[in-house]
Amino acid sequence: VGVGTFEEIVDCRLPIADLQTVAEAQSKIENPKSKIHFVVRQFFMRHPGEEGALLMALVDLLDQYGMSVTFNGRTFDLPLLRTRLRQNQQMYPELRGSGRLLQPERPHLDLLHPARRLWKRRLQSCRLINLEAEILGMQRSEEDVPGQLIPQLYTDYLQHGNASDMRRIFYHNREDIVSMVALATQLSQLYQGTATAGGTELHGLDWFSLGRCYEDRNQLAEAERAYRAALDRLHGNTAQADAYRQLGQLLKRQDRWTEAATLWQEWISTVAAIDTTPYEELAKYCEWQCKDFEQATMWTGWALHTLRKAPAWQQSSAHIADLEHRLTRLQRKQAAGDK
């Protein structure tokens, strides 16, 4: 089990001759310099009989802290450790009541979930090692071992006593922990609205995903900024259409109808795709906001024309029927208005 912690370390170095006792040395320091270090501790059981001792050492450390950060720890690491604690409490009464930081009600940030929300649209995989390469620009050395091989390597070690591969496992574990610091920093900067993180300009798909996150949190100004940044970077594809769709809906939520109508027309002229959404939105806007039935009829007709010329697999008879019904209704309204 690996644990990384930020710790304040006081630089209290004095000449050896001056050190009578620790207390005396501390009293001679007028301005100790404090530095924050990231410290990784790795707890390793040489055989299963040491599990109780490992857990006692682990919870002694964890219980000093008020919050934990993991990567996929919500479904794997923390439930596993809670189970091992419960099973060892019968043999080791000292473990009873400890391990409070591991309990479900304690503050815990699982970096996997915000990472997925931000990068899943662009990356095929949001595994930590993939995020290291694609997002953090980090590359592990040949010392590393694939995570799926670790259980078998440990089993081989228990059977044969050859610990040579344990060094690679320690390396893998340490890199996982150190990477989480960089990943948490990157995520914090992006969710706080920083346009770049680590000096890297954000990809258009990441801007779109960030906009969705802001919108879910009702941070509408930040969501609009993110969607517009996505539109500046995405060109003529489905992702760009998605950005137009989300931004249009956002403007509608705020009753900014004129801006939304301009956006929908820009969508039509920018993205060459069989999508009736902007035509239908413009038809609704003209009918209900402007009371311009002629324009509403025109946009509905364009939507129907676009859908009918689509390949058969993209057509929907129900959708066509709905548009035909709307067009007939608008034509009646237009005729009534002309009289």
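The structure displayed is predicted, hence computed values, not measured ones.

### Looking at the packing of aromatic side chains
What characterises a pair of aromatic rings is the spacing of the ring centres plus the angle enclosed by the ring planes.
At step 1: Within the structure shown, the criterion is met by nine aromatic pairs.
At step 2: Ring centres of Tyr 244 and Trp 267 lie 6.0 Å apart, and the angle between their planes is 5°; this geometry places the pair in the stacked category. On the criterion of sequence distance, the pair formed by Tyr 244 in helix 10 (residues 238–253) and Trp 267 in helix 11 (residues 257–270) is long-range, its members being 23 residues apart.
At step 3: For Tyr 244, a relative accessible area of 2% gives the class buried.
At step 4: Taking 6.5 Å as the distance between ring centres and 20° as the angle between the ring planes, the aromatic pair formed by Trp 257 and Tyr 285 counts as stacked. One end of the pair, Trp 257, is in helix 11; the other, Tyr 285, is in helix 12 (residues 277–289), with 28 residues separating them in the sequence.
At step 5: Of the aromatic side chains, those joined through ring pairs into one cluster are Phe 44, Tyr 154, Tyr 157 and Phe 170.

### Thoughts on the side chain of Glu 132
At step 1: Note on placement: Glu 132 falls in helix 5 (residues 128–136).
At step 2: Overall, the relative accessible area of 2% leaves Glu 132 in the buried class.
At step 3: Ignoring anything within four residues of it in the chain, the contact list for Glu 132 reads Gly 137, Met 138, Arg 140, Glu 175 and Ser 179.

### With respect to the environment of Leu 307
At step 1: Tracing the chain through its elements places Leu 307 in helix 13 (residues 293–308).
At step 2: For the pair Leu 307 and Ile 274, spaced 33 residues apart in sequence, the C-alpha to C-alpha distance is 7.0 Å.
At step 3: Setting aside anything within four residues of it in sequence, one finds Leu 307 in contact with Thr 276, Gln 314, Gln 315, Ser 316, His 319, Ile 320 and Leu 323.

### Remarks on the side chain of Ser 209
At step 1: Looking at the element boundaries, Ser 209 is found in helix 8 (residues 204–216).
At step 2: Of the polar contacts made by the side chain of Ser 209, one reaches the backbone oxygen of Leu 118; its length is 3.4 Å.
At step 3: Once residues within four sequence positions are removed from consideration, Ser 209 is found in contact with Arg 117, Leu 118 and Arg 121.

### Some points on a nonpolar patch on the surface
At step 1: On the surface, a cluster of nonpolar side chains totalling about 240 Å² of accessible area is made up of Met 67, Val 69 and Leu 109.
At step 2: Assignment of secondary structure puts Leu 109 in strand 4 (residues 108–110).
At step 3: Using a relative accessible area of 32% as the deciding quantity, one classes Leu 109 as partly exposed.

### Focus on the nonpolar core
At step 1: Residues Phe 71, Trp 119, Leu 131, Leu 183 and Leu 187 are the most contacted members of the largest nonpolar core, which totals 60 residues.
At step 2: The contact partners of Leu 187, leaving out residues within four places of it in the chain, are Leu 111, Pro 114, Ala 115, Leu 118 and Trp 119.
At step 3: Core analysis: the second largest hydrophobic core is formed by 15 residues, Leu 54, Leu 81, Leu 101 and Leu 102 among them.

### Overview of helix 12
The periodicity of an α-helix, 3.6 residues per turn, causes residues three or four places apart in sequence to face the same way.
At step 1: Taking 1.5 Å of rise per residue, the 13 residues of helix 12 would be expected to cover 18 Å, and the 17 Å separating its terminal C-alpha atoms lies within 8% of that figure.
At step 2: Residues of helix 12 that are buried include every one of Pro 278, Tyr 279, Glu 280, Glu 281, Leu 282, Ala 283, Tyr 285, Cys 286 and Glu 287, and no others.

Scoring rules and cut-offs
Residues numbered from 1 in each chain as written. Predicted model: local features only at pLDDT ≥ 70, side-chain atom pairs only at ≥ 80, totals over all residues. Heavy atoms only, no water. Phe/Tyr/Trp six-rings, centres within 6.5 Å; stacked < 30°, edge-to-face > 60°. Helix = DSSP H or I, 4+ residues; strand = E, 2+ residues; numbered from the N terminus. Buried < 20%, exposed > 50% of the residue type's maximum accessible area, 1.4 Å probe, protein only. Contact = heavy atoms within 4.5 Å. Polar contact = N/O pair within 3.5 Å; in protein donor to acceptor, adjacent residues only side chain to side chain. Patch = residues over 30% accessible without salt bridge, like charges linked within 9 Å, V, L, I, M, F, W, Y side chains within 5 Å. Areas by Shrake-Rupley, 256 points an atom, 1.4 Å probe, with all protein chains shown as cover. Salt bridge = Lys/Arg side-chain N within 4 Å of Asp/Glu carboxyl O. Core = buried A, V, L, I, M, F, W, Y, C linked by side-chain atoms within 4.5 Å. Expected span 1.5 Å × (residues − 1).

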